[in-house]
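Here's the letter readout for the chains.
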Amino acid sequence: MNNDLMKIVEETKKLKTMVLEDNPETNELMCTTLKNFFAEVYSAYDGDKALELYEEHQPDIIFIDIILPGKSGLEIAKEIREINPRQMIVVVSASDDMGNISEAVKIGVNNFIRKPINTDKMIDVLKDIVTDIKKQKKNRTKIFSITLPLDLYEQVDTDAKSESISKNAMIIRALKHFYNL
């Protein structure tokens, strides 16, 4: 297995995905393929089931066909985007309809794979997704406060001054060491 592919798998194995595809053979093929990359793979054949699975499992990435019975894949993508504006959505479709493609862009899907699915294209999309997820994680920050006993605070202050770093950096270093990060 090539090194890039191993790096992709290393990242995607931490994630969950869902496939929304009404064609049983295509759905099974996609799920089987994606099980090589993802920790968990959920499958739906219609929009209602997809929304139910989405609410229950909160997959990191969703692969959605456009043409489905009942609600279209784009309607489902829009509903999911309303629930979670940062949800990773990949449209998988044979549709050439420019209206569908422009609607997908308007909804803000993250990527588009044309059917029949090309393995190289799927790997490129997964690589893009991994890059996007890393950017999202890097951009997310958490604010926390910590209360320290006065003697410990003074020790942190003294150590931080001796190393010419901030007290926050000293505390973060200690937490990383404590949690083996």
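Each pair of packed helices can be described by the angle between their axes along with the distance between the axes. Remark: helix 4 (residues 73-83) packs on helix 5 (residues 98-107), axes separated minimally by 10 Å, with the N-to-C direction vectors making an angle of 5°. It follows from the interaxial angle that helix 4 and helix 5 lie roughly parallel. Taking contact as the criterion, the partners of L74, A77, K78 and R81 in helix 4 are, on helix 5, N100, E103, A104 and I107. Looking at side-chain class alone, the contact of helix 4 with helix 5 contains four nonpolar, one polar and three charged residues.

Counting 23 residues, the largest nonpolar core has F38, I61, F63 and V90 as its most contacted members. Contributing elements (two or more residues each) for this core: helix 1 (3-12), helix 2 (24-34), strand 3 (61-64), strand 4 (88-93) and helix 6 (119-139). Not counting residues within four places of it along the chain, the set of residues in contact with V90 comprises I61, I62, F63, I64, N111, F112, I113, V125 and I129. Of all hydrophobic cores here, the second largest spans 21 residues; its members include L51, I62, I80 and A104.

Our next topic: the side chain of T12. Within the fold, T12 resides in helix 1. Judged by its relative accessible area of 0%, T12 is buried. In contact with T12, not counting residues within four places along its chain, are F37, F38, A39 and V130.

Taken in spatial order, the five strands make up an open sheet running 2-1-3-4-5, and their pairing is parallel. Sheet topology places strand 2 (40-44) and strand 5 (111-114) at the edges, where each strand pairs with a single neighbour. Ignoring strand direction, the axes of neighbouring strands in this sheet form an average angle of 20°. In this sheet, strand 4 lies alongside strand 3 in parallel orientation, the contact comprising four bridges. Across the sheet, the residue bridging to I62 is I89, located in strand 4.

Rules used throughout
Residues numbered from 1 in each chain as written. Predicted model: local features only at pLDDT ≥ 70, side-chain atom pairs only at ≥ 80, totals over all residues. Heavy atoms only, no water. Axes fitted to C-alpha atoms, helices over the stretch in contact; angles between N-to-C directions. Helix = DSSP H or I, 4+ residues; strand = E, 2+ residues; numbered from the N terminus. Parallel < 35°, antiparallel > 145°, perpendicular 65-115°, else oblique. Contact = heavy atoms within 4.5 Å. Nonpolar A, V, L, I, M, F, W, Y, C, P; charged D, E, K, R; others polar. Core = buried A, V, L, I, M, F, W, Y, C linked by side-chain atoms within 4.5 Å. Buried < 20%, exposed > 50% of the residue type's maximum accessible area, 1.4 Å probe, protein only. Pairing = 2+ DSSP bridges.

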